[in-house]
Amino acid sequence: QVQLVESGGGLVQPGGSLRLSCASSRSVFSFYAMGWYRQAPGKQRELVASILNGGSTNYANSVKGRFTISRDNDKNIVYLQMNSLKPEDTAVYYCRAVELIDNREHWGQGIQVTVSS
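In what follows, the accompanying structure is described.

Rules of the game
Residues numbered from 1 in each chain as written. Predicted model: local features only at pLDDT ≥ 70, side-chain atom pairs only at ≥ 80, totals over all residues. Heavy atoms only, no water. Helix = DSSP H or I, 4+ residues; strand = E, 2+ residues; numbered from the N terminus. Areas by Shrake-Rupley, 256 points an atom, 1.4 Å probe, with all protein chains shown as cover. Lys, Arg positive; Asp, Glu negative; His and termini not counted. Charge placed at Lys NZ, Arg CZ, Asp CG, Glu CD. Buried < 20%, exposed > 50% of the residue type's maximum accessible area, 1.4 Å probe, protein only. Pairing = 2+ DSSP bridges. Contact = heavy atoms within 4.5 Å.

## What to know about the overall build of the protein chain
(1) Moving on: Counting its regular elements, the protein chain contains 0 helices and 11 strands.
(2) Moving on: With the C-alpha coordinates aligned to their principal axes, the bounding extent of the protein chain is approximately 45 × 25 × 25 Å.
(3) Moving on: When the accessible surface of the protein chain is totalled, it reaches about 6,200 Å², and 46% of it is carbon and sulfur.
(4) Moving on: Placing the 12 positive and 9 negative side-chain charges of the protein chain at their respective mean positions leaves the two points 4 Å apart.

Written out as structure tokens, the structure reads:
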């Protein structure tokens with residue numbers, strides 16, 4: 001069973017920055033895609049950013065230019081650098097990985113990000 005462990009969340013003021021980390025128990029190259037999703041209270045879970053096995057990235061329009069997804073292949077960690085944070089970025093952020101072989105998906109336990117003054 002794959003384990004995805006998120007870290008780096010917390011409380012930050014508007015305009016501030018946070019970096020989330022998702023540590024995988026398996027090589028990141030065993031996944032077709034890894035990504036970050038978020039779910040705010042009363043809202044559906046939504047894609048924030050994803051990175052494919054080959055390295056291409058995709059972002060939600062709401063975070064383009066502010067968030068950056070990256071990957072450390074040696075440490076098997078996917079990062080989400082979040083800059084210029086807004087109160088509307090407040091949510092529980094989840095790491096997701098999709099298996100390369102059979103498209104099974106795995107989720108982390110989620111981590112809270114709160115943007116507030």
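## Brief notes about unusual backbone geometry
(1) Moving on: Even without a glycine there, the phi angle at Ser 84 is positive, about 50°.
(2) Moving on: As for its placement among the helices and strands, Ser 84 is situated in the loop between strand E8 (77–82) and strand E9 (91–99).
(3) Moving on: Positioned with a positive phi, Asn 103 is a non-glycine residue whose angle comes to about 65°.
(4) Moving on: Residue placement: Asn 103 occurs in the loop between E9 and strand E10 (105–107).

## Structural notes on the pairing of strand E3 (residues 18–24)
(1) Moving on: By the criterion of burial, E3 is predominantly enclosed, with 5 of the 7 residues buried.
(2) Moving on: Taken together, the 6 bridges between E3 and E8 define a ladder with antiparallel strand orientation. Among the inter-strand pairings, Cys 22 is bridged to a residue of E8, identified as Val 78.

## What to know about the environment of Val 63
(1) Moving on: Position of Val 63 among the secondary structure elements: in the loop between strand E6 (57–59) and strand E7 (67–72).
(2) Moving on: With relative accessibility at 0%, the residue Val 63 sits in the buried group.
(3) Moving on: Separated by 20 residues in sequence, Val 63 and Asn 83 place their C-alpha atoms 9.2 Å apart.
(4) Moving on: Those residues in contact with Val 63 that lie beyond four places of it in its chain are Arg 38 and Val 48.

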